[in-house]
Amino acid sequence: MSAPSSYSSETLALVGTAVALVDGPTVLKEVQANNNTAAVAYVQLFDIASSNVGDITVGTTRADWIVYSAASLQSLSGQVPPNGLLFRKGIAGVSTTVHDGATGASQDVRLAI
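We now turn to the structure provided with this report. (Residues numbered from 1 in each chain as written. Predicted model: local features only at pLDDT ≥ 70, side-chain atom pairs only at ≥ 80, totals over all residues. Heavy atoms only, no water.)

1. Description of the side chain of Gln 32
- Secondary-structure assignment places Gln 32 in strand β4 (residues 30–35).
- In this structure the side chain of Gln 32 is engaged in a polar contact, spanning 3.2 Å, whose partner is the side chain of Glu 30. (Helix = DSSP H or I, 4+ residues; strand = E, 2+ residues; numbered from the N terminus. Polar contact = N/O pair within 3.5 Å; in protein donor to acceptor, adjacent residues only side chain to side chain.)

Structure, rendered in structure tokens:
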């Protein structure tokens, strides 16, 4: 796997509310998620323009990609395909306690694009 071309400029804190992470078409090459909880958590990623993030209903809107994070640990890129993932509109994210759930979990996330 080739090295990521760049990382997002900052580490973003995610909880149970969807936030815009990247605006515009992007190939996601890696997700670094630092799980701040003592339980399993998930980062749900959505292919959506930043102006439409409010349209996401966490727990109802189906995520385009989900990253698993073990309790109190960091999750790395092993969960992203070797050639990356194309997000055509942009990337929004949320952190939850269940794979497709709505209850927020605290995680710090950095994306490689």
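Moving on, there is more to tell.
2. A short note on the environment of Ala 20
- Within the fold, Ala 20 resides in strand β2 (residues 19–23).
- Taking the C-alpha atoms as reference points, Ala 20 and Gly 93, 73 residues apart in sequence, are found 6.6 Å from one another.
- What Ala 20 contacts, discounting residues up to four positions off in sequence, is Ser 50, Val 53, Ile 91 and Ala 92. (Contact = heavy atoms within 4.5 Å.)

3. Re the pairing of strand β10 (residues 107–112)
- Of the strand pairs in this sheet, strand β1 (residues 12–14) and β10 are connected by three bridges, and their pairing is antiparallel. If you follow Ala 13 over to β10, its bridge partner there is Asp 108.
- Where β4 meets β10, six bridges bridge the pair, whose relative direction is antiparallel. Within the sheet, the bridge partner assigned to Asn 34 lies in β10 and is Asp 108. (Pairing = 2+ DSSP bridges.)

4. Regarding the nonpolar core
- Among the nonpolar cores identified, the biggest contains 15 residues, and Leu 28, Val 31, Leu 45, Ile 91 and Leu 111 are the most heavily contacted of them.
- Counting only elements with at least two residues in this core, the list comes to β2, β4, β5 (41–47), β8 (85–87) and β10.
- If you look at the next biggest cluster of nonpolar residues, it comprises nine residues, including Ala 18, Phe 46, Val 53 and Val 58. (Core = buried A, V, L, I, M, F, W, Y, C linked by side-chain atoms within 4.5 Å. Buried < 20%, exposed > 50% of the residue type's maximum accessible area, 1.4 Å probe, protein only.)

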